[in-house]
Amino acid sequence: MNIMDFNVKKFAAEAGTFLSRAVQFTEEKLGQAEKTELDAHLENLLSKAECTKLWTEKIMKQTEVLLQPNPNARIEEFVYEKLDRKAPSRMNNPELLGQYMIDAGTEFGPGTAYGNALIKCGETQKRIGTADRELIQTSAINFFTPLRNFIDGDYKTITKERKLLQNKRLDLDAAKTRLKKAKAAEARAAQLNTSQPEENNIMVNVSYMLNLLHVKWLKVWAEEVTKSEQEVRITQSEFDRQAEITRLLLEGINSTHAHHLRCLTDFVEAQMTYYAQCYQYMLDLQKQLGSFPSAFRSNNNQSSSTPVPSVSASSVLASASASLPSVSNSVVTSGFSELKASSGSRKARVLYDYDAANSSELSLLADEVITVYSVPGMDSDWLMGERGNQKGKVPITYLELLN
């Protein structure tokens, strides 16, 4: 029974406090009550925290879109996260493309130039997919998770303390309002004339009795002055204490910015590593694809050591019109074979631009004439080229022997 009485009293007290805050808040909005303003420093800290929260949420959302462009996959990951279960592992887009290319290359035949190229491209795409997974994992740990921890942890604490500060301010202003009313009542009571009238008139006596009751009612308010002053002192102390707690939490935003800066640096380094890996993978793939002369010969079993030129349609037509149509691939091949068998040198015209892959190769410009000869032990698809004092390996598919 005592416990029930205690709970009822507590509930009544909390309901009274809530009602008092609601009345104070409404009167403030209507301009009928004064409001205690926070100091400028605390207001600036609150604004800074709100701005940090707003932009952190936007950056988080866009980072998630960047790392996982598929909205359905993001929803699935969110559901599994809420269920505290691990999402099933699936191929990402580069890995899926790579697998399709490998399957297609296998179907067309690894011995064909196109099939072999598809397989090499597929393997590279799968390596890019692996790098993409590493980027997502590293970014989630070093960048996304710290930002989310701020929103779900630190900022929630700040919001809770800020709400408490708002309640303490409403309590303080409500106490000030009650004190102001009590003092006004006390002043009015002091001004009333409570002396008994000399005339024995019924209306006069009734007026006197009402006046006396009114004075007693006003004196009740006057008795509240001391109680209200004590209440103001208590609520002012609680408000100042809560304001200090909130201020200390808000000043931690500077530390949060410093931590997010380190996380941002880690994110940039992860991206830099990812793009460097992708660039190297594609560079290696480009060199491998350069070994396929299938763009200029029939798509059959070929040696895979000669780079393929990168040319426009106009340059191909120009070179085609300049060459003799009666000369077949077998004749051209036999000319290079004869040169390799002999110890002499020949003049050759360059068909397409070629950028040397390393210092052992010679860069070429279309339509220039160089001297070529064979060196013992050199790959069958390469010759040694000389241009003035420069010399280096050149691919035979870029050359046309001159008589």
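Further up the page is the structure itself.
Residues numbered from 1 in each chain as written. Predicted model: local features only at pLDDT ≥ 70, side-chain atom pairs only at ≥ 80, totals over all residues. Heavy atoms only, no water.

S.K.: What should I look at first to understand the overall build of the protein chain in this one?
M.R.: Within the protein chain one finds nine helices and five strands. Beginning at the N terminus, the succession of helices and strands in the protein chain can be written as α-α-α-α-α-α-α-α-α-β-β-β-β-β. Considering only intrachain contacts with a sequence separation of at least 6, the fraction spanning at least 24 residues in the protein chain is 67%. Looking at the protein chain as shown, the accessible area adds up to about 25,900 Å², and 56% of this sits on carbon and sulfur atoms. (Helix = DSSP H or I, 4+ residues; strand = E, 2+ residues; numbered from the N terminus. Contact = heavy atoms within 4.5 Å. Areas by Shrake-Rupley, 256 points an atom, 1.4 Å probe, with all protein chains shown as cover.)

S.K.: It is not clear to me how helix α4 (residues 93-108) should be interpreted in this structure. Could you clarify?
M.R.: The periodicity of an α-helix, 3.6 residues per turn, causes residues three or four positions apart to be oriented the same way. Compared with an ideal rise of 1.5 Å per residue, which puts 16 residues at 22 Å, α4 spans 23 Å between its outermost C-alpha atoms and is within 8% of the ideal. Where α4 is concerned, the buried positions are P94, E95, G98, I102 and G105. End-on view of α4: buried residues confined to an arc of 95°, all on one side of the axis. Seen from the buried face of α4, the exposed residues on the opposite side, beyond 90 degrees, are N93, Y100 and E107. Capping of α4 at its N-terminal end is provided by N92; its side-chain oxygen lies 3.0 Å from the backbone amide nitrogen of E95. (Expected span 1.5 Å × (residues − 1). Buried < 20%, exposed > 50% of the residue type's maximum accessible area, 1.4 Å probe, protein only. Arc of directions from axis to C-beta. Polar contact = N/O pair within 3.5 Å; in protein donor to acceptor, adjacent residues only side chain to side chain.)

S.K.: What am I meant to see in the pairing of strand β4 (residues 390-395) here?
M.R.: A regular strand places its side chains on the two faces of the sheet in alternate fashion. Where strand β3 (residues 382-387) meets β4, six bridges bridge the pair, whose relative direction is antiparallel. Within the sheet, the bridge partner assigned to M384 lies in β4 and is K393. Hairpin connection from β3 to β4: two residues lie between these consecutive antiparallel strands, with G388 at a positive phi of about 65°. (Pairing = 2+ DSSP bridges.)

S.K.: Mind showing me how you'd approach the sheet that holds strand β1 (residues 345-350) here?
M.R.: Pairing between the strands of a sheet is mediated by backbone hydrogen bonds and can be parallel or antiparallel. Across the sheet, five strands lie side by side as β4-β3-β2-β1-β5; this open sheet has antiparallel pairing. Since the sheet does not close on itself, it has two edges, and those belong to β4 and β5 (399-401), each with one partner. Adjacent strand axes in the sheet meet at a mean angle of 40°, parallel and antiparallel pairs treated alike. Where strand β2 (residues 369-373) and β3 come together, three bridges link them in antiparallel fashion. By the bridge assignment, Y373 is partnered in β3 with M384. (Axes fitted to C-alpha atoms, helices over the stretch in contact; angles between N-to-C directions.)

S.K.: Whenever I open this one, the environment of E134 confuses me. Can you help?
M.R.: Mapped onto the elements of the fold, E134 is located in helix α5 (residues 113-191). Separated by 140 residues in sequence, E134 and Y274 place their C-alpha atoms 8.0 Å apart.

S.K.: I'm lost on the pattern of salt bridges in this one. Help?
M.R.: Side-chain pairs of opposite charge can arise where the charged atoms are in close proximity. As enumerated under the stated definition, the model contains 11 salt bridges in all. Of the charged contacts in the structure, one is a salt bridge between E231 and R178, with a shortest N-O distance of 2.3 Å. Separated by 53 residues along the polypeptide, E231 in helix α6 (residues 202-251) and R178 in helix α5 bring together distant segments of the chain. A salt bridge links E244 to R247, with the nearest nitrogen and oxygen atoms 2.2 Å apart. (Salt bridge = Lys/Arg side-chain N within 4 Å of Asp/Glu carboxyl O.)

S.K.: Help me out: how do you make sense of a nonpolar patch on the surface in this one?
M.R.: Taken together, the side chains of L54, W55 and I59 define a hydrophobic patch exposed on the protein surface, amounting to about 290 Å² of accessible area. Summarising the element assignment, L54 is placed in helix α2 (residues 40-67). (Patch = residues over 30% accessible without salt bridge, like charges linked within 9 Å, V, L, I, M, F, W, Y side chains within 5 Å.)

S.K.: Even after reading the chapter, I still don't get the packing of α2 against helix α7 (residues 253-289), so can you show me in this structure?
M.R.: Describing two packed helices takes the angle between their axes plus the distance from one axis to the other. Between α2 and α7, whose axes approach to 12 Å, the crossing angle comes to 15°. With respect to α7, the element α2 is oriented roughly parallel. Two packed elements cross with a definite hand, and for α2 against α7 that hand is left-handed. For the pair formed by α2 and α7, the contact residues are K48, A49, T52, T56, T63 and L66 on the first element and I253, N254, H257, H260, F267 and Q271 on the second. (Parallel < 35°, antiparallel > 145°, perpendicular 65-115°, else oblique. Left-handed = near helix turned anticlockwise from the far one by under 90°.)

S.K.: In this structure, what is going on with the packing of aromatic side chains? I would like to understand it.
M.R.: The geometry of an aromatic ring pair is captured by the separation of the ring centres together with the interplanar angle, meaning the angle of the planes. Counted under the stated rule, the structure contains six aromatic pairs. Aromatic ring contacts, followed pair by pair, group Y352, Y354 and Y398 into a single cluster. Here R127 stacks its cationic end above the ring of Y281, 5.5 Å away from the centre of that ring. Positioned over the ring face of W382 is K393, at 5.2 Å from the centre of the ring. (Phe/Tyr/Trp six-rings, centres within 6.5 Å; stacked < 30°, edge-to-face > 60°. Lys NZ or Arg CZ within 6 Å of the ring centre and 35° of its normal.)

S.K.: I'm lost on α2 in this one. Help?
M.R.: With 28 residues, α2 should reach 40 Å at 1.5 Å per residue; the first-to-last C-alpha distance of 40 Å fits that figure. Within α2, the full set of buried residues consists of L42, L45, L46, A49, T52, T56, M60, T63 and L67. For α2, the N-terminal cap is D39; the gap from its side-chain oxygen to the backbone nitrogen of H41 is 3.2 Å.

S.K.: Is there a simple way to think about the side chain of S228 in this case?
M.R.: The topology assignment puts S228 in helix α6. Its relative accessible area of 4% is what places S228 among the buried residues. Residues within four places of S228 in sequence aside, it is in contact with R178, L179 and A182.

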